[in-house]
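Coordinates in review
The residues making up each chain are set out below.
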Amino acid sequence: MERVTKMVSEKPVVIFSRSTCCMCHTIKTLFCDFGVNPAVYELDEEPRGREIEQALSMLGCSPTVPAVFIGGELVGGANEVMSLHLKRSLIPMLKRAGALWV
């Protein structure tokens, strides 16, 4: 859990993903289309990916990927991110976290 806390504090937006997950790809594309440069950790390619995935599960991520953190706080998975986007809350959140300047 400490490792995840450290990882999410290093960038305004952090996405935990799997390289073969289509919803992960969708979320990464959404952020990139906004002009955000998230830190992306592909858990199936990380040496300690299993351990990180267990920590994400303990934090309440279900499913564990994609797991999106903005400003060091867990936002959730694809459903939560898309819901924030549709409510027009995602962009202001990204601005507050320093991930967007426009």
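Above this text is the structure in question.
We now turn to the structure provided with this report. All of these numbers come straight from a predicted model, not from anything done at the bench.

Turning our attention to the sheet that holds strand S2 (residues 39-42). Spatial strand order, S2-S1-S3-S4: 4 strands in an open sheet with mixed pairing. Looking at the sheet topology across the chains shown, the edges are occupied by S2 and strand S4 (73-76). On average, each strand axis in the sheet is inclined to that of its neighbour by 25°, with strand direction left out of account. Packing against the sheet, helix H2 (residues 22-34) makes contact with strand S1 (13-17), S2 and strand S3 (67-70), and its axis sits at approximately 160° to S1.

Turning to H2, a few remarks are in order. Relative to the 18 Å expected for 13 residues at 1.5 Å per residue, H2 spans 19 Å between its end C-alpha atoms, a close match to the ideal helical length. Within the span of H2, buried status applies to Cys 24, Ile 27, Lys 28, Leu 30 and Phe 31. Buried residues of H2, viewed axially, fall in a sector of 155°; they line one side. Those residues of H2 that are exposed and aimed more than 90 degrees away from the buried face are Cys 22, His 25 and Asp 33. In this structure, the buried side of H2 is in contact with S1, S2, S3, helix H4 (78-86) and helix H5 (90-96). Looking one or two places after H2, you find Gly 35, whose phi comes out positive at around 95°.

Within helix H3 (residues 49-58) the residues assigned to the buried category are Gly 49, Ile 52, Glu 53, Ala 55 and Leu 56. One side of H3 carries all its buried residues, which in axial view fall inside an arc of 160°. Exposed residues on H3 whose side chains face more than 90 degrees from its buried face are Arg 50, Gln 54 and Met 58. Just past H3, the residue Gly 60 takes up positive phi, approximately 105°.

Residues Val 4, Val 14, Phe 16, Ile 52, Leu 56 and Phe 69 are the most contacted members of the largest nonpolar core, which totals 17 residues. Sorting the residues of this core by element identifies helix H1 (2-9), S1, S2, H3 and S3 as the ones contributing at least two each. Once residues lying within four places of it in the same chain are set aside, the contact partners of Val 14 are Met 7, Val 8, Ala 39, Tyr 41, Ala 67, Val 68 and Phe 69. Core analysis: the second largest hydrophobic core is formed by 16 residues, Val 36, Ile 70, Ala 78 and Leu 84 among them.

The rules behind each value
- Residues numbered from 1 in each chain as written.
- Predicted model: local features only at pLDDT ≥ 70, side-chain atom pairs only at ≥ 80, totals over all residues.
- Heavy atoms only, no water.
- Pairing = 2+ DSSP bridges.
- Helix = DSSP H or I, 4+ residues; strand = E, 2+ residues; numbered from the N terminus.
- Axes fitted to C-alpha atoms, helices over the stretch in contact; angles between N-to-C directions.
- Contact = heavy atoms within 4.5 Å.
- Expected span 1.5 Å × (residues − 1).
- Buried < 20%, exposed > 50% of the residue type's maximum accessible area, 1.4 Å probe, protein only.
- Arc of directions from axis to C-beta.
- Core = buried A, V, L, I, M, F, W, Y, C linked by side-chain atoms within 4.5 Å.

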